[in-house]
Amino acid sequence: KKLTGDRFIDILQQAKLSHASILLQTTDMPVSIVANEAGYENMNFFYRKFKKQFGLTPAEYRKLKK
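Because the structure is predicted, anything quoted here is derived from the model rather than measured.

**Q** Just to check I follow, could you spell out the overall build of the chain for this structure?
**A** A count of helical and extended segments in the chain gives 4 helices and 0 strands. Mapped in sequence order, the helices and strands of the chain form the string α-α-α-α. Taking 11 Å as the expected radius of gyration for a compact globule of 66 residues, we find that the chain reaches 12 Å, a close match to that expectation. Judged by the C-alpha coordinates and their principal axes, the chain covers about 40 × 25 × 20 Å. A buried classification covers 26% of the 66 residues belonging to the chain. Considering only residue pairs separated by 6 or more positions, the chain has 50% of its internal contacts joining residues 24 or more positions apart. Here the chain has roughly 4,800 Å² of accessible surface; of this, 54% comes from carbon and sulfur atoms.

What follows is the structure, encoded as structure tokens:
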């Protein structure tokens, strides 16, 4: 926290969402599998966090980035 000003959980969420975004861009895995691979068990929570971070749902993000 001293170095970045962010809490550990916030940094962890950013890393997980970054991993999910890479998987969405580079694979054809279903969104549910991407969420699980990124460390999310709750799909609703994953969708909320993803949309907050990127401004798009995971499916919209994939469509836009491919």
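**Q** Could you clarify how one ought to interpret a nonpolar patch on the surface in this entry?
**A** A contiguous nonpolar surface patch, about 300 Å² in accessible area, is contributed by Phe 8, Ile 9 and Leu 12. With respect to the helices, strands and loops of the structure, Leu 12 is situated in helix H1 (residues 8-26). Overall, Leu 12 belongs to the partly exposed group, its relative accessible area being 32%.

**Q** What should I look at first to understand the nonpolar core in this one?
**A** The nonpolar side chains of a soluble globular protein tend to be buried with one another. Listed in full, the 12 residues of the largest apolar core are Leu 17, Ala 20, Leu 23, Leu 24, Val 31, Val 34, Ala 35, Ala 38, Tyr 40, Phe 46, Phe 50 and Tyr 61. At the level of secondary structure, the elements contributing two or more residues to this core comprise H1, helix H2 (31-37) and helix H3 (43-54). Apart from the residues within four sequence positions on either side, Ala 35 is in contact with Tyr 40, Met 43 and Phe 46.

**Q** Would you take a moment to explain the layout of surface pockets for this structure?
**A** Over the atoms, a rolled probe matching the size of one water molecule traces out where space is still vacant. Estimated volume of the largest pocket: approximately 180 Å³. Around the largest pocket, the lining residues are Arg 7, Ile 9, Asp 10, Gln 13, Gln 14, Leu 17, Lys 49, Lys 52 and Gln 53. Elements supplying a minimum of two residues to the lining of the largest pocket: H1 and H3. Counting residues per element, the lining of the largest pocket draws most heavily on H1, at 5 residues. Of the residues in the lining of the largest pocket, the class split is 2 nonpolar, 3 polar and 4 charged.

Here is what the cut-offs are and how they apply
- Residues numbered from 1 in each chain as written.
- Predicted model: local features only at pLDDT ≥ 70, side-chain atom pairs only at ≥ 80, totals over all residues.
- Heavy atoms only, no water.
- Helix = DSSP H or I, 4+ residues; strand = E, 2+ residues; numbered from the N terminus.
- Rg over C-alpha atoms; globule rule 2.2 N^0.38 Å.
- Buried < 20%, exposed > 50% of the residue type's maximum accessible area, 1.4 Å probe, protein only.
- Contact = heavy atoms within 4.5 Å.
- Areas by Shrake-Rupley, 256 points an atom, 1.4 Å probe, with all protein chains shown as cover.
- Patch = residues over 30% accessible without salt bridge, like charges linked within 9 Å, V, L, I, M, F, W, Y side chains within 5 Å.
- Salt bridge = Lys/Arg side-chain N within 4 Å of Asp/Glu carboxyl O.
- Core = buried A, V, L, I, M, F, W, Y, C linked by side-chain atoms within 4.5 Å.
- 1 Å grid on protein atoms, 1.4 Å probe; cavity = no way out; pocket = protein on both sides within 12 Å on 5 of 7 lines; lining within 4 Å.
- Points joined across faces, edges and corners; volume = space filled by probe spheres on them.
- Nonpolar A, V, L, I, M, F, W, Y, C, P; charged D, E, K, R; others polar.

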